[in-house]
Amino acid sequence: MKYFAKVCIVLLVAVGIVFGFSYYYRQKKNNENIVLTTQIITTTKPNESTTAKADTVYYDDNGFKLFIDSKNKAYIEYNSVRKELIGFDWVLKQTPVDFYYDDYNNDKEKELLVLYSSPANDLNNSLIAADKLDFKSFHRYAALIKPVTNSAGKQDFNIVYADQNTWKKPFEQAINAKMNQLKNCDKYLQFVMDDNDVELKYDKKTGISPNKYVYYAKALNNDNKDGYKKFVKWSKGEGNYYVDKNGSLQLKIMVLAYYDDSNKAQYVGDIHTGVSINKKGSFTITPKTIEFIPKDKYVMPDIRNNNPEKFTYTLNNTSSNTITTNDNLIDWINASFEIQNGVNEQSVSFGELDSQIKCVDKVKITQTSIVLTAKEGFVFSDRVVNGGDYSVVIGNDNDITYKAEILKRDSRSVLKITYDKKYSREELKNVQLKFGA
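The structure presented is a predicted model; accordingly, all values stated were derived computationally and were not measured.

A few points about the overall build of the protein
Counting its secondary structure elements, the protein contains 4 helices and 28 strands. Across the 437 residues in the protein, those meeting the buried criterion constitute 51%. Considering only contacts in the protein between residues 6 or more positions apart, those separated by 24 or more positions represent 61%. Surface accessibility of the protein: about 21,600 Å² in total, with carbon and sulfur atoms responsible for 43%.

Structural data, given as structure tokens:
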């Protein structure tokens, strides 16, 4: 499997998980070239000579000069040889346009890489409002300019383009990918990818896949924020080229999720892959470079192999202080708890704490939920629960809430908030609870 990288899936709760995924072809494809859609343009004309007036220069470095003359024609100049680049005036006029000078085809000679833009307002308008800022209103394409010597022994230029058609067919031929919403916790979107000839499998009860390359992201809350929308389909959006901090040409492909109540898409994250130029001058997928990375706000931990040791930690409130409210409703709690080592139960005073945590008699924290028992005469607010206005946060602002419900035990009002998965005692060492706050 030539194109798959070794991926270590690590449970990351504090900062979320970075989804790693790389793929490669089976042995039967080893002798095939995955050639991306390219265009090689030779723009020289024998004995051509031009005189530029009032040039608008876009790049002038490393022996290259790219400019548009007063007649709106684009030219490339290298080693004092100047040639017209038909249609390249449009490329140079797009904003932003960036230039990079490096060896992109490993021939030990450097080429000029141009990253240019194309408007993408339609795609931006198809995203949910919360994701519009994550996608700029333009695509990013690439053009590689390389000086060559033609058959007549004179200097010429080859231009190789990378656009949307460059990556779509290879991915369709090489990758089997699907997204689904888990049955046992619909907060989770599951993204599974593998070679095109590998079957993707799912547990009938939970929807969890046992495949090797499985990744997770957060589904959208429903409009009432008391649950999650019903996922119906996914698609690949636009591919945008960029140069990473190491100077390598990269491609990121949008992954979009759709729900039953809207035609607007959730921009879940991107499939990233390296893009290189082979010695024939064609763009190719760089082996062992593909990975899926969700947007930070949608990062979810791996839910598989989730069996931390069971525990119960109880805090008993020794204070008689309360806050009198209308109908004795508890609708405002903002409190933090720290699980102490070596003990399972403690008596503490909530009397000096802010918010209506004073009105809570007991807090019980386990690997699956946090349960609050109200003092006698106080009742947790249905309005807060129905409005989804609650959270349990651990680590680096990681909201692990899945659902909340109000129960009644021994004539007391009880609030139970269930997590999106099981968490260890160490992961729950510091818990911040908000309810109607």
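Points about the sheet that holds strand S20 (residues 345–348)
Read from one edge of the open sheet, 6 strands run S20-S17-S21-S22-S27-S26, paired in mixed fashion. Where the open sheet ends on each side, the last strands, each with one partner, are S20 and strand S26 (401–409). For this sheet, the mean angle separating the axes of adjacent strands, direction not counted, is 15°. Looking at chain direction, strand S17 (residues 312–317) and S20 are connected through 4 bridges and run parallel. Within S20, the position partnered with Thr314 by the bridge is Glu345.

What about the nonpolar core?
Nonpolar side chains in soluble globular proteins generally cluster together in the buried interior. Core analysis: the largest hydrophobic core is formed by 74 residues, its most contacted members being Leu66, Phe88, Val114, Ile145, Tyr241 and Ile271. No other element matches strand S13 (residues 249–259), which puts 6 residues into this core. In this structure Ile271 touches Phe171, Phe191, Met193, Leu251, Lys252, Ile253, Val255, Ile290, Glu291 and Phe292, once residues within four positions along its chain are discounted. Judged by nonpolar contacts, the second largest core, of 34 residues, contains Ile330, Phe337, Val392 and Ala404.

Examining unusual backbone geometry
Cis geometry is adopted by the peptide bond preceding Pro96, which originates at Thr95 and carries an omega value of 0°. By the element assignment, Pro96 lies in the loop between helix H1 (88–93) and strand S5 (98–102). Of note, the phi angle at Ser355 is positive, near 75°, even though the residue is not glycine.

Here we look at the environment of Phe171
One can find Phe171 in helix H3 (residues 164–174). Along the backbone, Phe171 and Asn196 are 25 residues apart, and their C-alpha atoms lie at a distance of 9.2 Å. Contacts of Phe171, omitting those with residues within four sequence positions, involve Ile253, Ile271, Thr273, Ile285 and Ile290.

Comments concerning the side chain of Ser117
Relative to the assigned elements, Ser117 resides in strand S6 (residues 111–119). Classification of Ser117 as buried rests on a relative accessible area of 2%. Here Pro96 takes part through its backbone oxygen, which lies 2.6 Å from a polar atom of the side chain of Ser117. Engagement of the side chain of Ser117 in a polar contact is seen with the side chain of Arg140, the distance being 3.2 Å. If near-sequence neighbours (up to four positions away) are discounted, Ser117 is found in contact with Trp90, Gln94, Thr95, Pro96, Phe138, His139 and Arg140.

Some thoughts on the sheet that holds strand S2 (residues 64–68)
The 4 strands lie next to each other as S1-S2-S3-S4, forming an open sheet whose pairing is antiparallel. Looking along the sheet, the strands with just one partner apiece sit at the ends: strand S1 (56–61) and strand S4 (81–84). When the angles between neighbouring strand axes are averaged without regard to direction, this sheet yields 15°. Two strands pair when backbone bridges link them, and strand S3 (residues 74–78) and S4 are joined in this way by 4 bridges, in the antiparallel orientation. Counterpart to Tyr75 in the pairing with S4 is Glu84.

A word on the packing of aromatic side chains
Within the structure shown, the criterion is met by 16 aromatic pairs. Ring centres 5.5 Å apart and planes at 85° place the aromatic pair Tyr188 and Tyr216 in the edge-to-face group. Note that Tyr188 is positioned in strand S10 (residues 188–195) and Tyr216 in strand S11 (residues 214–218), a separation of 28 residues in sequence. Just as Tyr188 is buried, Tyr216 falls in that class too. Three or more aromatic residues joined by ring pairs make a cluster, and in this case those are Phe64, Tyr78 and Tyr101. Note that Lys233 overlies the ring of Tyr258, its terminal NZ or CZ placed 5.1 Å from the centroid.

A closer look at the pairing of strand S24 (residues 390–394)
Taken across its 5 residues, S24 has 5 buried, putting it largely inside the fold. Where S24 meets strand S28 (residues 430–435), 5 bridges bridge the pair, whose relative direction is antiparallel. Opposite Ser391, over in S28, you have Lys434 as the bridge partner. Where S24 lies against strand S25 (residues 398–399), 2 bridges are found, and the strand directions are antiparallel. When the bridges of S25 are listed, Val393 appears paired with Asp399. Between S24 and S25, which pair antiparallel and follow one another directly, the connecting turn spans 3 residues, one of which, Gly395, has a positive phi of 60°.

Structural notes on H3
Those residues of H3 lying buried are Gln164, Thr166, Trp167, Pro170, Phe171 and Ala174. Viewed along the axis of H3, the buried residues span an arc of 160°, placing them on a single side of the element. Facing away from the buried side of H3 by over 90 degrees, the exposed positions are Lys169 and Glu172. Of the residues flanking the start of H3, the one acting as N-cap is Asp163, its side-chain oxygen 3.1 Å from the backbone nitrogen of Asn165.

Procedures and definitions
- Residues numbered from 1 in each chain as written.
- Predicted model: local features only at pLDDT ≥ 70, side-chain atom pairs only at ≥ 80, totals over all residues.
- Heavy atoms only, no water.
- Helix = DSSP H or I, 4+ residues; strand = E, 2+ residues; numbered from the N terminus.
- Buried < 20%, exposed > 50% of the residue type's maximum accessible area, 1.4 Å probe, protein only.
- Contact = heavy atoms within 4.5 Å.
- Areas by Shrake-Rupley, 256 points an atom, 1.4 Å probe, with all protein chains shown as cover.
- Pairing = 2+ DSSP bridges.
- Axes fitted to C-alpha atoms, helices over the stretch in contact; angles between N-to-C directions.
- Core = buried A, V, L, I, M, F, W, Y, C linked by side-chain atoms within 4.5 Å.
- Polar contact = N/O pair within 3.5 Å; in protein donor to acceptor, adjacent residues only side chain to side chain.
- Phe/Tyr/Trp six-rings, centres within 6.5 Å; stacked < 30°, edge-to-face > 60°.
- Lys NZ or Arg CZ within 6 Å of the ring centre and 35° of its normal.
- Arc of directions from axis to C-beta.

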